[in-house]
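Below are the chains, spelled out letter by letter.
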Amino acid sequence: MDEPDFVPLQFTPFPKEEMGKRALEFFEMLNKRRSMRDFSKQPVAKELIEQAIRSAGTAPSGAHLQPWTFVAISNHELKKKIRTAAEIEEKKSYEQRMPEEWLEVLAPLGTDFVKEHLTDAPWVVVLFRQTMRLRENGEWGPTYYSTESVGIAAGMFISAIHQMGLCTLTHTPSPMKFLGEILKRPNHETAMLVLPVGYPKDGAKVPNIERKDLGEISVFLE
Ligand code: IYR
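The text that follows walks through the structure, step by step, so that each part is easy to find.

Cut-off values and rules
Residues numbered from 1 in each chain as written. Predicted model: local features only at pLDDT ≥ 70, side-chain atom pairs only at ≥ 80, totals over all residues. Heavy atoms only, no water. Helix = DSSP H or I, 4+ residues; strand = E, 2+ residues; numbered from the N terminus. Buried < 20%, exposed > 50% of the residue type's maximum accessible area, 1.4 Å probe, protein only. Contact = heavy atoms within 4.5 Å. Core = buried A, V, L, I, M, F, W, Y, C linked by side-chain atoms within 4.5 Å. Near = heavy atom within 4 Å. Polar contact = N/O pair within 3.5 Å; in protein donor to acceptor, adjacent residues only side chain to side chain. Areas by Shrake-Rupley, 256 points an atom, 1.4 Å probe, with all protein chains shown as cover. Nonpolar A, V, L, I, M, F, W, Y, C, P; charged D, E, K, R; others polar. Arc of directions from axis to C-beta. Salt bridge = Lys/Arg side-chain N within 4 Å of Asp/Glu carboxyl O.

Focus: the side chain of Glu 89
For Glu 89, the location among the structural elements is in helix H3 (residues 76-97). For Glu 89, a relative accessible area of 16% gives the class buried. For Glu 89, the residues in contact, after removing those within four places along its chain, are Arg 97, Ser 174, Pro 175 and Phe 178.

Describing the nonpolar core
Among the nonpolar cores identified, the biggest contains 21 residues, and Phe 70, Leu 127, Phe 157 and Val 197 are the most heavily contacted of them. Elements that contribute at least two residues to this core include exactly helix H2 (46-56), strand E1 (68-73), strand E2 (123-130), helix H6 (146-163) and strand E6 (189-198). Considering every element that reaches this core, the biggest residue donor is H6, with seven residues. Counting residues in each nonpolar core, the second largest holds 16 residues, with Ala 85, Val 124, Val 126 and Val 194 among its members.

Notes on the site of the ligand
All residues in the neighbourhood of the ligand are listed as Glu 90, Tyr 94, Trp 102, Leu 106, Leu 109, Lys 115, His 171 and Thr 172. One of the side-chain N or O atoms of Tyr 94 is found 2.6 Å from an oxygen atom in the ligand. Contact with the protein chains covers 73% of the free accessible surface of the ligand, which is 370 Å². Residue assignment for the shell around the ligand shows that the elements contributing at least two residues are H3 and helix H4 (100-106). When the residues that make up the shell around the ligand are grouped by side-chain class, the tally is four nonpolar, two polar and two charged.

As for H2
When we look at burial in H2, the residues that qualify are Ile 49, Ala 52 and Ala 56. Down the axis of H2, the sector holding all buried residues measures 60°, keeping them to one side. For H2, the exposed residues set more than 90 degrees away from the buried face come down to Glu 47 and Arg 54. Taken together, the buried residues of H2 touch E1, E2, H6 and E6.

A word on the pattern of salt bridges
In total, this model carries ten salt bridges according to the counting rule given. A salt bridge links Glu 25 to Lys 21, with the shortest nitrogen-to-oxygen separation between them at 3.6 Å. On the criterion of helical spacing, the pair formed by Glu 25 and Lys 21 is a turn pair, its members being four residues apart in helix H1 (residues 16-30). Residue Lys 21 is classed as exposed on the basis of its relative accessible area, which comes to 52%. Note that Glu 189 is salt-bridged to Arg 185, the shortest N-O span being 2.7 Å.

Dropping the structure here:
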């Protein structure tokens, strides 16, 4: 094994007074994000999607294996194929597979098996998790904490999209195997999330729901 190579950390400290302001501004920016299903067909430049993927690619990952592949689709035929396959699975899910206790918590979100966003949004980004990696000796080995790693990268992608003034949605058709087949991904990649990206339609609406406040989501032990 080679000795690990270290370089000095690039770290910018901020004055104490500025830290609270930066923290608040970041929260206020993120707190305006909404999962949105009413996409306009207005095109979005490829460079913006590339930039969001670059940001997502800064996520930490298990053993720095970066076990993610972002497949960004603007091709209408492919989006149609994905929508058709997703709706077949989702119809079965909503009508047969999801128990009443699940449907009960989905009801306020107003979702159903019709997935217009998959053809309306100018981009559909499918995020794949790499379950295996090719080792330097040519053998396949596992990746580590890939679900956590890809989850973090997804959060960063969603934040990047929001920060640039676009909308996205974390869509989870289930089961997702059809995505690897349609998009011809290798077997060691498994689809985790579908993220349509674009502008909202005029008059787009979102559910009237609240976020938990700090006291409900944290415990401080001092
Ligand atoms: N996968 C379905 C159902 C669904 C499940 C959850 I949990 C949601 O928060 C929203 C929807 C779909 O994408 O419609």
